[in-house]
There are 2 protein chains.
Amino acid sequence: MPLEPARRTPEPFAPMNPSVITIIGSGMMGSALAFPARENGHSVRLVGTPLDRDIIAACRQSNRHPKFDRDFPEGVRFFQWEEAQTALDGADLVIGGVSSFGVDWFADAVLPLVPETTPILSVTKGLIADASGNLLNYPEYWKRKIAPAKRSLNAVGGPCTSYELVAHDPTVVSFCGDDPAVLDRIRSLLQTGYYHIETTTDVAGVECAVALKNAYALTVAFAVGLNEKLNNGRERIIAAMRSYAANGVTPEFRAAFGPQHYNSQAAVFGQSAREMRRLLQFIVGNDNQLHVGIGDLYVTVFGGRTQLLGCLLGLGLTYDEALKILSGVTLESTVIVTRIVTALRSWAAAGKLDLADFPLIAAFGDILIDGKTTQIPWSQFVR
Amino acid sequence: MPLEPARRTPEPFAPMNPSVITIIGSGMMGSALAFPARENGHSVRLVGTPLDRDIIAACRQSNRHPKFDRDFPEGVRFFQWEEAQTALDGADLVIGGVSSFGVDWFADAVLPLVPETTPILSVTKGLIADASGNLLNYPEYWKRKIAPAKRSLNAVGGPCTSYELVAHDPTVVSFCGDDPAVLDRIRSLLQTGYYHIETTTDVAGVECAVALKNAYALTVAFAVGLNEKLNNGRERIIAAMRSYAANGVTPEFRAAFGPQHYNSQAAVFGQSAREMRRLLQFIVGNDNQLHVGIGDLYVTVFGGRTQLLGCLLGLGLTYDEALKILSGVTLESTVIVTRIVTALRSWAAAGKLDLADFPLIAAFGDILIDGKTTQIPWSQFVR
């Protein structure tokens, strides 16, 4: 059977500096990166692995990934694995979109097709033991595997689920790699008004951190299930899981298992952990109790009264409008934000710290102290 | 009008070492602590502030706090503020249950009624600036205020909302104070099978951490509202907030604003942050990227596929049962848990680290590697 033509539609964008971005693996995360890449005007080629044949066929037919609820931007081109060499021809960036089960396949089948000078950005998160039992991150694992050859192997970490990236929910991620200039170039290709990118050469740190979260997420989710069992019984959740396994994230699944999107709040949570840690170091002199604050932050986001005010402000209400709705509710968070930002401003004025290290809480001081309206200062998180 | 009698019912418990615990302030958190205190068999006296008159009257009438959905344990006694001296007579522990707006009142009106040798445990979270602009925690603020007198002023931090404590959802909190022996004594009075207590003399660290979370919770909640606006519109949430302001946490409020309880998952999240940090320090040699892992953990708990497996295990399903329901779903977390715990076990065997520092992930290794069923090892978090 002849392959379908790879190009579906003409490219509607006219970017200043269009590049060619080839994504290998049409799982959800790899496919989702086609959105910012294409919206920035680049030529985007999405290539399925041998396991992705049906996904690519569906994308060609409908311009939509079977697990997403909206179409790809016009002009993304879809390739079956047999067409990979064509799709890689002239690529300025190759995005590796395989799962941790495809790590060896990526090294053995994909890397030999990519010129050594082409940078690679991998979304695969994980650690793998070497012969001595040391845990390697995947860029390190691939480097050892292809040595003595050298490649620019970069990776993505940070809070970003694919379907929310597709929905344009704001978030902040970290691109890590050995060369800051390459990282800046990759960032310029993919950064948008909703996809904010910090860069770091601390590959071991980012990759270990985000691999560990996959492990610990299982433990937190266990507690979610524990509470469901204690308070609501098991059947609703089990039905939701069956639905996910059959149909992915559907409106029915979201209704049973939480209505919200989480990328944006996770990015703010990560920045909160960072600023809380800096404040503990400055005020207390150590950050040994950070975990107590992190756990307490988590429950307050969901279970405390602070969520009410913050959520109303995030909806776009003014402080006065929000207070009117919450008339009679004790709102202690306003006191502590005001006190902390007042102190931060005076410490900054005295040259003791740099207010730019606390952009998140400073923005909320602007709301509560100065009566301004504010947005989350995403770009200041990734200076 | 004569005061109602303070004692409603005889005390049904026959504890080995009953103590007298007097709680000042019948807000939600102070009142919730009556549950573990009374269930442990102690004499519990709940005293309203002058602002709590209606609450105390309601408690006397129905043995239920107006904002809770279940009765107090039999035998809790309720006092109006005028009866405070009686309620404090012979108290072995005084719990301060005022909000941050009542901090000066607590020092001026309550402390003079309490013998100096009686330990105090405060639930109030916050920081307050002194004349030089330094931020003090409340135990420190009170100490300066009552100096040269000395008191045992202890405090509670950590993830614990009142209505979930009342529901007996498992959680882990931190009691902090100057004297480890006093902390052990207070812990012995209040610890139950669902209320797990770690103790530390790092008062500045705990109190700063949990005050900061109140500030940063506002910022994360802002992102929740931002997403609601982007994805679902504003009206459902605004209606839920109005309902909360009028009636507190009702089933209608929970349905509109998230169906779950959060204490347990927050406690596990805090322990996850702690173990992830130790693992970063051991594997990478620093923990500079902890915030990336924390943000990514947060989104994975809610938005990733790991949530599905973890939640099913937490519901009480075996690993095999859960895998059957999730047939076809890529579950990368099982790989990373297995690899990490395998490595941890070998590092522990070689004497490089202590497996007891990683009780949470070790328990999940028992499930995934050894096929055991497990519970969350709460008591190992608070060794």
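Predicted model only: the values in this text are computed from it and were never measured.

Reading the values: the criteria
- Residues numbered from 1 in each chain as written.
- Chains lettered and ligands numbered in written order.
- Predicted model: local features only at pLDDT ≥ 70, side-chain atom pairs only at ≥ 80, totals over all residues.
- Heavy atoms only, no water.
- Least-squares fit on C-alpha atoms with pLDDT ≥ 70 in both.
- Contact = heavy atoms within 4.5 Å.
- Phe/Tyr/Trp six-rings, centres within 6.5 Å; stacked < 30°, edge-to-face > 60°.
- Helix = DSSP H or I, 4+ residues; strand = E, 2+ residues; numbered from the N terminus.
- Buried < 20%, exposed > 50% of the residue type's maximum accessible area, 1.4 Å probe, protein only.
- Polar contact = N/O pair within 3.5 Å; in protein donor to acceptor, adjacent residues only side chain to side chain.
- Buried area = accessible area lost by both parts, 1.4 Å probe.
- Salt bridge = Lys/Arg side-chain N within 4 Å of Asp/Glu carboxyl O.
- Pairing = 2+ DSSP bridges.
- Right-handed = clockwise from strand over helix to strand, strands pointing away.
- Axes fitted to C-alpha atoms, helices over the stretch in contact; angles between N-to-C directions.

> Quick question: what am I supposed to make of the relation of the copies chain B and chain A here?
In this structure, two copies of a chain are linked by a rotation about an axis accompanied by a shift along it. Between the two copies, chain B and chain A, the superposition gives an RMSD of 0.0 Å; the rotation angle is 180° and the shift along the axis is 0.0 Å. Considering both components of the superposition, the chain copies are consistent with a two-fold axis. Comparing contact sets, 100% of the residues at the interface of chain B also lie at the interface in chain A, consistent with an isologous, same-surface contact.

> Mind showing me how you'd approach the packing of aromatic side chains here?
Note on aromatic pairs: each is described by the distance of the centres and the angle between the planes. Residue and element names in this part refer to chain B. This structure, assessed with the given rule, holds 24 aromatic pairs over all chains. Ring geometry for Phe269 versus Tyr298: centroids 6.4 Å apart, planes at 80°, classification edge-to-face. Of the two residues, Phe269 sits in helix α12 (residues 263-283) while Tyr298 sits in helix α13 (residues 290-303), which places them 29 residues apart along the sequence. For Tyr298, a relative accessible area of 0% translates into the label buried.

> Sorry, what's going on with the side chain of Gln265 of chain A here?
Checked against the element boundaries, Gln265 of chain A lands in helix α12 (residues 263-283). Given the relative accessible area of 0%, Gln265 of chain A is considered buried. A distance of 2.7 Å separates a polar atom in the side chain of Gln265 of chain A from a polar atom in the side chain of Tyr298 of chain B.

> What exactly am I supposed to notice about the interface of chain B and chain A here?
Often, the extent of an interface is quoted as the loss of accessible area upon association of its parts. Counting residues at the interface gives 140 residues for chain B and 140 residues for chain A. Between chain B and chain A, roughly 12400 Å² of surface is buried when both sides are summed, and carbon and sulfur atoms account for 71% of that area. When the area that chain B buries against chain A is broken down by residue, the three leading residues are Tyr216, Leu218 and Phe222 of chain B, summing to 7%. Applying the counting criterion to the chain B and chain A interface returns 6 salt bridges. Here Asp287 of chain B and Arg277 of chain A are joined by a salt bridge, their closest N and O atoms 2.5 Å apart. The interface formed by chain B and chain A holds 24 residue pairs in polar contact (both at pLDDT 80 or more) in total.

> I'm lost on the pairing of strand β9 (residues 171-176) of chain A in this one. Help?
Two faces make up the sheet, and in a regular strand the side chains alternate between them. Residue and element names in this part refer to chain A. Here β9 lies mainly inside the structure; 6 of its 6 residues are buried. Pairing between strand β8 (residues 153-157) and β9: 3 bridges, direction antiparallel. Along β9, the bridge assignment pairs Ala155 with Cys176. Handedness of the crossover joining β9 and strand β10 (residues 195-200) through helix α8 (residues 180-190) is recorded here as right-handed.

> I'm lost on the sheet that holds strand β5 (residues 120-122) of chain B in this one. Help?
Think of a sheet as strands paired side by side through backbone hydrogen bonds, with each pair either parallel or antiparallel. All names here are of chain B. With mixed pairing, the 8 strands of this open sheet are ordered in space as β3-β2-β1-β4-β5-β8-β9-β10. Because the sheet does not close on itself, it has two edges, and the strands there are β3 (77-79) and β10 (195-200). Direction aside, the axes of adjacent strands within the sheet are offset by 25° on average.

> Please explain the sheet that holds strand β4 (residues 93-96) of chain A as it appears in this structure.
All names here are of chain A. One open sheet holds the 8 strands; their spatial order is β3-β2-β1-β4-β5-β8-β9-β10, and the pairing between them is mixed. Each of the sheet's edge strands pairs with one partner strand only, and the pair in question is β3 (77-79) and β10. Across this sheet, the average inter-strand angle for adjacent strands is 25°, counted without regard to direction.

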